[in-house]
Amino acid sequence: MKIIVCIKQVPDTSDIKWTENNTIQREGLESVMNPYDAYALDFALAIKEKNSDVKVTALSMGPKQAERVLKRALALGADDAVLLSDKKFSGADTYATAKTIASAIKESFEHYDIILCGQFAIDGDTAQTGPSIASFLGLPQVTFVKGIEDCSQGYVTVIRETYEGSEKIKVKLPAVICMQKGESETSRITIKGAIKAKKSEILYKSIEDISLSPDEAGLKGSPTYVSKAFRAKQRDVECRYITTSEELVNVIKSVGGDNE
Amino acid sequence: MSNGILIWTEITRDGFIHPVTFELAGKANELSPKLNNSPVMGFVVLKTGKIDDYKEVFEINGFDKVFYVEDDTFDFYKSDLYSRVALDMVKEIDPEILLIGATENGRDIAPRISTMLHTGLTADCTELDITDDGKLAATRPTFGGQLMATILSKKFPQMATVRPKVFKPMKSFEKKKTAFINMNLDLVGFEPSIEILNFIKSQKSDLNSLDSAEIIVAGGKGMQSKSGFNLIKQLADKLGGVIGASRVAVEMGLASQECQIGQTGKTVSPKLYIACGISGALQHTIGMDKSSKIIAINSDKNAPIFKIADYGYVGDAFEIIPQLIEKL
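Residues numbered from 1 in each chain as written. Chains lettered and ligands numbered in written order. Predicted model: local features only at pLDDT ≥ 70, side-chain atom pairs only at ≥ 80, totals over all residues. Heavy atoms only, no water.

Asker: Just to check I follow, could you spell out the pattern of salt bridges for this structure?
Answerer: Pairs can form between side chains of opposite charge whenever their charged atoms are close. Under the defined criterion, the tally for this structure stands at 30 salt bridges over all chains. The network of salt bridges with shared partners includes Arg160 and Glu167 of chain A together with Arg13 of chain B. (Salt bridge = Lys/Arg side-chain N within 4 Å of Asp/Glu carboxyl O.)

Asker: Just to check I follow, could you spell out the packing of helix α3 (residues 79–93) of chain B against helix α4 (residues 104–116) of chain B for this structure?
Answerer: All names here are of chain B. Contact geometry for α3 and α4: axes closest at 9 Å, N-to-C directions at 45°. Judged on the interaxial angle alone, α4 and α3 are oblique. Viewed along their axes, α3 and α4 form a crossing whose handedness is right-handed. Together, Ser79, Tyr82, Ser83, Ala86, Leu87 and Val90 of α3 and Asp108, Ile109, Arg112, Ile113 and Met116 of α4 make up the contact between the two elements. Of the residues assigned to the contact of α3 with α4, the class counts are 7 nonpolar, 2 polar and 2 charged. (Axes fitted to C-alpha atoms, helices over the stretch in contact; angles between N-to-C directions. Helix = DSSP H or I, 4+ residues; strand = E, 2+ residues; numbered from the N terminus. Parallel < 35°, antiparallel > 145°, perpendicular 65-115°, else oblique. Left-handed = near helix turned anticlockwise from the far one by under 90°. Contact = heavy atoms within 4.5 Å. Nonpolar A, V, L, I, M, F, W, Y, C, P; charged D, E, K, R; others polar.)

Asker: For this particular structure, what's the right way to read the environment of Val251 of chain A?
Answerer: Relative to the helices and strands, Val251 of chain A is located in helix α6 (residues 245–254). Residues Val251 of chain A and Tyr155 of chain A, spaced 96 residues apart in sequence, show a C-alpha to C-alpha distance of 56 Å. Setting aside chain neighbours within four positions, we find Val251 of chain A in contact with Arg240 and Ile242 of chain A together with Ile295 and Tyr311 of chain B.

Asker: Can you walk me through the packing of aromatic side chains in this structure?
Answerer: Remark: the centre distance and the inter-plane angle together describe each pair of aromatic rings, the angle taken between the planes. This model, assessed by the stated rule, comprises 10 aromatic pairs over all chains. Relative to Phe43 of chain B, the ring of Trp8 of chain B lies with its centre 5.1 Å away and its plane at 65°, an arrangement referred to as edge-to-face. Of the two residues, Trp8 of chain B sits in strand β1 (residues 5–8) while Phe43 of chain B sits in strand β2 (residues 40–46), which places them 35 residues apart along the sequence. Here Phe43 of chain B falls in the buried class, since its relative accessible area comes to 0%. Grouping aromatic residues by their ring pairs yields a cluster made of Tyr36, Tyr39, Phe120 and Phe144 of chain A. The cationic tip of Lys170 of chain A hangs over the ring face of Tyr155 of chain A; the distance from NZ or CZ to the ring centre is 4.6 Å. Lying across the ring of Phe199 of chain B, Arg13 of chain B places its NZ or CZ 3.7 Å from the centre. (Phe/Tyr/Trp six-rings, centres within 6.5 Å; stacked < 30°, edge-to-face > 60°. Buried < 20%, exposed > 50% of the residue type's maximum accessible area, 1.4 Å probe, protein only. Lys NZ or Arg CZ within 6 Å of the ring centre and 35° of its normal.)

Asker: Quick question: what am I supposed to make of the sheet that holds strand β8 (residues 147–153) of chain B here?
Answerer: Strand pairing in a sheet relies on backbone hydrogen bonds, with the paired strands running either antiparallel or parallel. Taken in spatial order, the 4 strands of this open sheet run β12(A)-β8(B)-β7(B)-β6(B), and their pairing is antiparallel. Strands at the two margins of the open sheet, each flanked by one partner only, are β12 (224–231) of chain A together with β6 (127–130) of chain B. Recorded for the sheet is a direction-independent mean angle of 25° between the axes of neighbouring strands. Contacting β6 and β7 (136–142) of chain B, helix α1 (residues 19–31) of chain B crosses the sheet at an angle of about 25° to β6 of chain B. (Pairing = 2+ DSSP bridges.)

Asker: What is the right way to read the domain arrangement of chain B from this model?
Answerer: Many descriptions give the size of an interface as the accessible area lost when the pieces come together. Residues and elements named next belong to chain B. Each assigned domain of chain B is listed with its residue range as follows: domain 1 (5–182) and domain 2 (209–327). The gap between the C-alpha centroids of domain 1 and domain 2 is 32 Å. Surface buried jointly by domain 1 and domain 2 totals about 790 Å² across both partners, of which 46% is contributed by carbon and sulfur atoms. In terms of surface lost to domain 2, no three residues of domain 1 exceed Gly144, Arg163 and Lys165, which account for 60% of the buried area on that side. Between domain 1 and domain 2 we count 0 salt bridges in total. Each residue belonging to the side of domain 1 that touches domain 2 can be placed in one class, and the counts come to 3 nonpolar, 4 polar and 3 charged. (Domains from an automatic or database assignment. Buried area = accessible area lost by both parts, 1.4 Å probe.)

The structure is reproduced here in structure tokens:
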């Protein structure tokens, strides 16, 4: 069985600093593996642990620096890693990104069973790329998945969680599964894994390698564009500081937090 | 020539129309005059014979037209079936704008439709407007809620998913003379690939208890442990409120995903929001800064949460919360 895990390198959004001109200071911004993609990788590695014939490929699209998150995926236990890297890919929206990834999967793999994605990336937070990859490949998808129960004989059974409750869904493979945080164990880097990652080569693919024309990729291939970007407005209040629990209790009661 | 603003109607498993549908209709009625009074339209897939149950609610919520497809297999959302039917309907209706509520199912179906139509889709918007030349300008938070981006599409229909609770439904209850149009579609070549084996209803039963909560007590990284979250729960119970959590707290396993408030979680606007051990990163505050009153409890006096809080307590949450539980 072959599992492809799509991984995005994202800036650590919890640590954003602003320039004087209200733009994001990109210098010195740490890049990390998108946490939701890390959950997806955890699930893939958990399946691999139970079935020795499972191969896990980590796939990313991004600049050369994205090699780092792929090296991490290898160290955690992925068998191999592919980086789609080309200047012509840059500026892609979710449509062009998904098209690029779907073309790469079509061109690179004769056979695969599951494409696992994180439900969101914490920078863009669109939740669109996974379903869009599924659409380009003509595959079914299950989103908002928090558990994988069973995969065998051409099907996978997953638990999807929505505001209404949880659904147990059986989906025919190949399929795209988008993961939220679930119950899976967090994978840890072992010494063996770290050594293997150091030795492994990351397979680079450019636009020519995946049969895509420059008009279909990157900014050019994107149906959407950003017309303006601005800093989010903050709530405009003056904080009144309170120092005792009595006073805090009174405040809570006065603003309606009184259950009586 | 494409025309009109089309809205996907999500029907819950309990047979209600998801409120975001009407919030979108409210907004669409506001945008329509800027688009030569383009019609506000809904589309829905239903179990056979059910349309009559919903007619009035469409009429009072500002729909000019509602397109529907009926079949006995349409009992609840299935990604493969519903996205196929919705795609066929959208192709035939050919709207200028297509809006979908950013629920889990909405965020599942929208990118399938947009990809198959080779058009643009803007996710999880918090503001919609029409530009001077008649294009949809969809604004959304990005970069963890710190940056707002206004996005336009070069292709049609221009699509956006919109967060529940951001817009208001129509205020006036003046009925429109809604036209209901039954579309006959046959699903040539459709083969199901998804089977729903079972469904366990969320214990919080009703639609998003967090969404409708008047009081929310939320915990962040500063609550450190499950026992810390237990305090949050006790305080919430005492106040008749609901618990919430920051993304980091959910990632640490302190609270479940459905409690998550912020950009990758829910947007809430309770009467009172008590933030405990939450530093106040924008990706969290974007989901709660519409609360009427905010009380922040944090040991770090420089935590950004105090900048948006009405009341602040600088100190140890583990000391103050038990005192509050006792004295309230």
